[in-house]
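Here are the chains, one letter per residue:
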Amino acid sequence: MALPSLLYVILGVSVPVIAEIEMEFTKYPESVTAPVGDEVTFECAVRVPGERLTWRWRADDDQEWRDWNNVDGINDKDGVTTRLVVQVRENTPTSLYQCMAWYGSIILVSIPARLTIAKIDLSRNSPERRVILAPLHNSVVLHCKEPRSEPPAKLSWWKETTKGSRKQLDTSHGVLVINNATVEDSGTYGCTAINDISEQTADLPERTYLKVQHEGHGGFRFLETEDYVGTIDKDRVLTMPVMPDNSLRLWCGAVGTPQPRVVWSKGTDTNLPGHTNSLVIENFTGEHEGVYSCSANALRRSWKVVALQPPHWEGSANSVNASEGLSARISCGVPHGQPAPVVHWMFNAELVKTGKGIKATDSDMYIERVEKRHAGVVQCFACNSLGCAYDAAMLTVVPVQISDQDYSAETPKIHIPSQSPKRHNKKNPRKHKAVLIPPSRPNVTRLSDKSVMVSWSHDNHGLPIQFFKVQYREVTNSSNIQWHTESTDIPTHIHSFEIDGLYPDKYYKFRIAAVYSNQDNKLGRSSGKFFLQRGGTQSPRAPTLDKATSLSPHSIQLNWTWSAHGGVEAEGFYVYYRAVSWAGAYEKVTAAGHQRSMVMAHLAPDTAYELKIQAYTAQAPSDFSAILIAKTQRALNAPSTSTEAPAKEEESAPGTLVTAGGAAGAAALLLILAGTFLLCRRAKRPHADKEKGPGPEGGTNNGYLPAKVPITITANPMHGEGGDSSVEMSFLHNNNCGNNANSDDTLPHSRKNGPSRQYV
């Protein structure tokens, strides 16, 4: 019996365990066998709406999964379901069809469906004629050589009559059994194959001539050779494969005179419920596998019986965080199935090429040196003649920090309201050359249906940064939506920021801007498209915050523990902190997945802080840990609240210097004012000598109203009003010494408040 090829309906499909990334298929295209002229529709559906859904196909030539051909399908508007219609023609080859779900740069491919043409292929059957000699009164069992057929053909026997016609025989399971054979049973026999789907009927070219005769005592033998009663494997072992949910049926076929007594056994177990010439085990499973034998006198024939099983994976793939330049290992578990499945490793819909730093086994794939191009979804497919099973893991690559020269010189600038840019010194431009190193490309993770956490890094080289800004925009259906800038100025030591108020089931992009000390700004690269999924995502376990220790007036060290315990692997941790006296939002910092401690810096001295932590994956955070409270140390130069003794007299020298400096400044000011006053009087004196003007009460005031209260300036702020050191400033109001339309240069300057005073 030939090993059956891929079932026309897949008997078992293994659903991948990738709940942590929530990008999975809810419906796969199913393998099908169809007759020529039929129209076949493949359907495929995903849980998370894809950016686009496409199809591809290739001939099933038992080669590597390469050279796929793209073909257009019919997609529903919801971005979840797609269909592909194929017309089956005479020249349509047996082919594999896959649907592909695109999530930005990530591509997920489905289990392949196999399209087979329903027909009988007799190319493997030769027109031979065999002669079978059987002794009288024995049970005669005859088999046909099964032809290639999809689905497997049903076999029936017929016998030629003396008139040249055919007599159909009642033969169950495609095996001819003649009990207590006589001479009348002699004759020519043949088989007919029937394909139920295509309704094709074909006579097999082999003919069997049976001659039943009287034989002497003995002559014990098997009537048929092994190639008629089973499959000869590559090790020349007689095997019998059993399809899932089918029964095992074996016929011994031993004859002799007298008819031999047949005993069936499995290994050393001889208590099998076998009849004289046949053994039947209903609902054969993997538990029944083994070597079955029939013994008759000195004869013995054995079959290695295997239960065919579709592939499945023992264990599940876990997402991997890898650092650029280091190694990475992706494991999918252990593949099982009968026949032994062939494993294909796919990365973003492309077959992984082993060699040159990449090695793959049936269970693991190793990358010796991870590059940014390796980031994406890695899928492992295990396939045999009954179907395929796959698992998938997200490979995240943490990039090495890059300098400003790796960014395009044409990176767009954004307008962030701020102070006017400071002018550079044109005499020495090199001294003020601004090297603007932008923030890294942000990493985005989901916090809830309406919020995400955006994290980035910066190497602190180049021009100092004053603060960061976060920008985002929706990119689900249009690229024309403007970027939205968050109003918060993020301090330079903070590299994580929560964005709230988003809409679920939408695609977003994020980027970080830095504002520098020269008031210029520069944008970092934008993130890839991030799909904000609505609920239903498995989250990692919450970490345990063990200890918070104050290290200095500005730092606290945190220690925590975390383990997956068979759950979702964490990609990193978010640490939240705020002053106990502050009721506002928490500040947030990010820790890598391998970290179990962190030093919180830039804290205020002598301040108590609330601290908590949560683990995260790309699509879900864990619950928070319990809150710990720790207080920073008091600063060494902090002012004391105790009362100190008065200082000694010799320690008052600084105050004396201040008083002396003030007196010197006042004296200098007095000299300047006196000089100005004398110059003004000298300029007006000739006019006054020639003609005397009116008295003090009748003179003009040169267009001003003199101050009625003298303004005094003193060298000592503690000097009393009216002391000898006071200097009157009222003359400053009469500071116009030139001609004026409302003035009369012939009149002497007068004071309305009384007689003139002497200024020295």
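See above for the structure.
From a predicted model like this one, the values you see are computed outputs, not experimental measurements.

Enquirer: Any chance you could explain the overall build of the protein chain here in plain terms?
Expert: Secondary structure summary: the protein chain contains two helices and 56 strands in total. For the protein chain, buried positions account for 43% of its 760 residues.

Enquirer: Honestly, the sheet that holds strand S49 (residues 555-561) in this entry has me stumped. Any pointers?
Expert: Adjacent strands of a sheet form backbone hydrogen bonds with each other and so pair up, either parallel or antiparallel. Ordered by their spatial adjacency, three strands build an open sheet running S48-S49-S52, and the pairing between neighbours is antiparallel. Each of the sheet's edge strands pairs with one partner strand only, and the pair in question is strand S48 (544-552) and strand S52 (597-600). Neighbour-to-neighbour, the strand axes of the sheet open up by a mean angle of 20 degrees, direction not taken into account. Where S49 meets S52, four bridges bridge the pair, whose relative direction is antiparallel. Looking at S52, one finds that asparagine 559 is bridged to serine 597.

Enquirer: I'm lost on the packing of aromatic side chains in this one. Help?
Expert: The relation between two aromatic rings is expressed through the spacing of the ring centres and the mutual angle of the planes. If you walk through the whole model with that rule in mind, you get 17 aromatic pairs. Centroid distance tryptophan 456 to phenylalanine 468: 5.6 Å. Interplanar angle 70 degrees. Geometry classified as edge-to-face. On the criterion of sequence distance, the pair formed by tryptophan 456 in the loop between strand S41 (451-455) and strand S42 (465-474) and phenylalanine 468 in strand S42 is long-range, its members being twelve residues apart. When its relative accessible area of 7% is taken as the criterion, tryptophan 456 is described as buried. Taking relative accessible area as the criterion, phenylalanine 468 reaches 1% and is therefore assigned buried.

Enquirer: Mind showing me how you'd approach the sheet that holds strand S32 (residues 328-331) here?
Expert: One open sheet accounts for three strands, arranged S32-S37-S36; its pairing is antiparallel. Edge positions in the open sheet fall to S32 and strand S36 (358-360), since each of these has one partner strand only. Adjacent strand axes in the sheet meet at a mean angle of 10 degrees, parallel and antiparallel pairs treated alike. Where S36 and strand S37 (residues 364-367) come together, three bridges link them in antiparallel fashion. Bridge pairing in S37 places alanine 360 opposite methionine 365.

Enquirer: Before we go on, may I ask you to explain the nonpolar core in this structure?
Expert: Generally speaking, nonpolar side chains in soluble globular proteins are found buried as a group. Counting residues in each nonpolar core, the largest one holds 44 residues, and the members touching the most others are Phe25, Phe42, Trp65, Tyr103, Phe381 and Tyr390. Contributions of two or more residues to this core are made by strand S3 (39-46), strand S4 (52-59), strand S7 (81-87), strand S8 (95-103), strand S9 (106-109), strand S10 (113-117), strand S38 (376-384) and strand S39 (387-398). Per-element accounting of this core gives the leading share, seven residues, to S8. The residues touching phenylalanine 42, leaving out its near neighbours within four places in the chain, are Pro29, Glu30, Val32, Trp55, Thr82, Arg83, Leu84, Val86, Tyr97, Ala113 and Leu115.

About the cut-offs
Residues numbered from 1 in each chain as written. Predicted model: local features only at pLDDT ≥ 70, side-chain atom pairs only at ≥ 80, totals over all residues. Heavy atoms only, no water. Helix = DSSP H or I, 4+ residues; strand = E, 2+ residues; numbered from the N terminus. Buried < 20%, exposed > 50% of the residue type's maximum accessible area, 1.4 Å probe, protein only. Pairing = 2+ DSSP bridges. Axes fitted to C-alpha atoms, helices over the stretch in contact; angles between N-to-C directions. Phe/Tyr/Trp six-rings, centres within 6.5 Å; stacked < 30°, edge-to-face > 60°. Core = buried A, V, L, I, M, F, W, Y, C linked by side-chain atoms within 4.5 Å. Contact = heavy atoms within 4.5 Å.

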